[in-house]
Amino acid sequence: MPSDIHDRNKALIVPLRRALYDYEAEAVRAALLAAFDRDAEVHLATPFEDLDGPEGLYRDAFGPLHAAVPDLERRDTIVIAGDGANGTGWVGCCGYYTGTFVAPWLEIPPTGHQIALRFHEFYRVNEGRVAEMQALWDIPEVMMQAGAWPMAPTLGREWHVPGPATQDGIVPGPRDGERSASSRRLVADMLSALGEFAAGGVEAMRLADYWHPRCDWYGPSGIGTGRGIAGFRNWHQIPFLNAMPDRVGSLGAGHLFGDGDYVGFTGWPGMHMTITGDGWMGIAPSGQRITMRSLDFWRCENGLIRENWVLVDLLHVYRQIGVDVFARLREFNKARG
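Counting from 1, residues in each chain are numbered in the order their sequence is written. In keeping with the predicted nature of the model, local features appear solely for residues at pLDDT of at least 70, side-chain atom pairs appear and are counted solely at 80 or more, and the whole-chain, interface and lining totals rest on all residues. Water and hydrogen atoms play no part in the side-chain values, which are based on all heavy atoms of the structure.

Undergrad: An account of unusual backbone geometry is requested, with residue identities and associated values reported.
TA: Cis geometry is found at the peptide bond from Thr 46 to Pro 47, where omega equals 15 degrees. For the purposes of this entry, the term helix denotes a DSSP run of H or I that reaches at least four residues, the term strand denotes a run of E that reaches at least two, and both are numbered from the N terminus. In this structure, Pro 47 sits in the loop between strand S1 (36-44) and strand S2 (49-51). In this structure, the amide linkage connecting Gly 173 to the following residue, Pro 174, adopts the cis form with an omega of -5 degrees. The residue Pro 174 is located in the loop between helix H4 (139-145) and helix H5 (177-194) in this model. Despite not being glycine, Asn 302 has its phi angle at roughly 55 degrees, a positive value. Within the secondary structure, Asn 302 is located in the loop between strand S14 (294-301) and strand S15 (304-312).

In structure tokens form, the structure reads like this:
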């Protein structure tokens with residue numbers, strides 16, 4: 001048994017990760033019940049929302065996904081752990097579910113081909129059990145792979161987002177406390193500098209002080225990937241800030257923790273803002289006040305951020321402004337066999 005609490009927390013999730021790798025329904029259910037409190041809070045992306053503990057997660061989320069993808073397989077690329085706010089212990093996992101898409105899922109038409117569904121999943125562990133899960137599945141990614149994305153086209157690059165360039169994202173013990181703290185401090189300072197935009201514009205954010213010249217920003221499907229600081233600004237930050245200059249996100253709104261060269265952030269929600277200006281991603285500037293669920297991972301290298309994996313619950317954003325993406329999906333695909 002690992003001596004460090006965070007290594008023990010990561011070890012708690014290992015049987016679940018293994019069960020989801022070789023998906024067999026009863027084994028997955030047993031692994032969920034073994035890891036989770038029966039009354040654990042489970043928060044999943046729109047349209048799932050809050051589920052009824054591990055049984056609800058198994059029945060209402062994994063069950064339908066497995067029915068659509070019978071050879072379902074989970075692949076983790078990042079697994080980290082650390083202290084969140086108020087001394088809470090968190091485990092963060094990044095990766096994707098894959099398999100052959102043979103039956104409709106969430107009314108997305110099947111392709112008969114292998115698909116990839118990115119996930120960012122965070123688990124709050126209390127006394128050796130999962131007490132809370134906050135997770136985003138990149139459902140628009142599956143819509144795109146099925147040729148059925150019914151909203152505005154992406155500005156960034158849509159592709160199969162890779163794991164860490166260094167191939168070391170599943171961070172082993174023993175924990176390096178000093179390195180973990182240094183990585184967390186870098187990301188916290190960067191996030192604080194981003195908050196200076198309202199007062200001092202782009203220069204006040206000092207992006208070059210924190211981001212590697214060859215950084216990769218891996219955004220969610222619907223936004224896409226940007227390479228380098230210019231790519232990050234062109235394909236995400238400029239349209240984002242033009243549409244929502246009053247956006248506010250703070251470390252106090254969620255949990256930021258480091259593990260070696262990696263940092264994770266989870267918040268439900270983590271930001272709030274108003275859609276104004278010329279709108280965003282084809283969304284009309286209605287002046288609607290919204291919240292945003294954004295779950296993130298960063299990899300630090302030689303004192304700079306080299307890679308950043310970001311998932312945003314875009315379907316939740318659309319829902320808040322009264323746009324039913326799934327109704328549009330039905331209209332978009334009603335003539336398909």
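Undergrad: Which residues make up the side chain of Asp 7, and what values do they have?
TA: Considering the arrangement of structural elements, one finds Asp 7 in helix H1 (residues 5-21). Summary of the burial criterion: residues with accessible area below 20% of their type's maximum are buried, those above 50% are exposed, and those between are partly exposed, where the area comes from a 1.4 Å probe applied to protein chains only. Judged by relative accessible area, Asp 7 falls into the buried class, the value being 12%. Contact between two residues is taken to exist if any of their heavy atoms lie within 4.5 Å; hydrogens are not considered. When near neighbours in sequence (up to four residues on either side) are disregarded, Asp 7 contacts Pro 2, Gly 173, Pro 174 and Arg 175.

Undergrad: Mind laying out the pattern of salt bridges, listing which residues take part and the relevant values?
TA: Two side chains carrying opposite charge are able to pair once their charged atoms lie near each other. When a carboxyl oxygen of Asp or Glu lies within 4 Å of a side-chain nitrogen of Lys or Arg, that pair is called a salt bridge. Under the definition given, this model contains 23 salt bridges. Note that Glu 41 and Arg 124 form a salt bridge whose closest N and O atoms lie 3.9 Å from each other. Placement of the pair is Glu 41 in strand S1 and Arg 124 in strand S5 (residues 114-126), with a sequence separation of 83 residues. A residue is classified by how much of its surface remains accessible, and Glu 41, at 39% relative accessible area, is partly exposed. Residue classification places Arg 124 among the buried positions, given a relative accessible area of 18%. Taking the shortest distance from any N to any O, the salt bridge between Glu 307 and Arg 299 comes out at 2.7 Å. Accessibility expressed as a relative area gives 2% for Glu 307, which makes it buried.

Undergrad: How would you summarise the environment of Leu 194 if you had to cite specific residues and measurements?
TA: Along the chain, Leu 194 turns up in helix H5. Residue classification places Leu 194 among the buried residues on the basis of a relative accessible area of 14%. Excluding anything up to four places from it in sequence, Leu 194 contacts Met 205, Leu 207, Gln 237 and Arg 247.

Undergrad: Report on the nonpolar core, specifying residues and quantitative values.
TA: Nonpolar cores were defined as sets of buried Ala, Val, Leu, Ile, Met, Phe, Trp, Tyr and Cys residues, with membership established by side-chain atoms within 4.5 Å. In this structure, Phe 36, Leu 57, Trp 105, Trp 137 and Trp 280 are the most contacted members of the largest nonpolar core, which totals 89 residues. Setting aside chain neighbours within four positions, we find Trp 137 in contact with Leu 44, Ala 45, Phe 48, Ala 61, Phe 62, Leu 65, Tyr 97, Trp 105, Leu 117, Arg 118, Phe 119 and Glu 121. By size, the runner-up hydrophobic cluster in this structure holds 17 residues, among which are Phe 122, Val 171, Trp 268 and Leu 311.

Undergrad: Lay out helix H9 (residues 325-333) with the relevant residues and their values.
TA: Within H9, burial applies to Val 325, Phe 326, Leu 329 and Asn 333. Relative to the axis of H9, the buried residues are bounded by an arc of 95 degrees and lie together on one face. Considering only its buried residues, H9 is in contact with H4 and helix H8 (314-320). Any N or O atom pair separated by 3.5 Å or less is treated as a polar contact, with the protein-specific requirement of one donor-capable and one acceptor-capable atom, and with residues adjacent in sequence counted only for side-chain atom pairs. For H9, the N-terminal capping position is held by Asp 324, with its side-chain oxygen 3.0 Å away from the main-chain nitrogen of Phe 326. For this quantity, the arc is that covered by the directions from the helix axis to the C-beta atoms.

Undergrad: Describe the packing of aromatic side chains, naming the residues involved and giving the relevant values.
TA: Stacked, edge-to-face and tilted labels apply to pairs of Phe, Tyr and Trp rings (six-membered ring for Trp) whose centres lie within 6.5 Å, assigned for plane angles under 30 degrees, over 60, and everything in between, in that order. Following the criterion strictly, the structure yields 13 aromatic pairs and no others. Taking 6.2 Å as the distance between ring centres and 80 degrees as the angle between the ring planes, the aromatic pair formed by Phe 36 and Tyr 123 counts as edge-to-face. Taken together, the residues Phe 36 in strand S1 and Tyr 123 in strand S5 connect sequence positions 87 residues apart. Judged on exposure class, the residue Phe 36 and its partner Tyr 123 are both buried. Every member of this aromatic cluster is reached through a ring pair, and the members are Phe 48, Phe 62, Tyr 97, Trp 105, Phe 119 and Trp 137.

The values reported here are purely geometric and, on their own, carry no functional implication.
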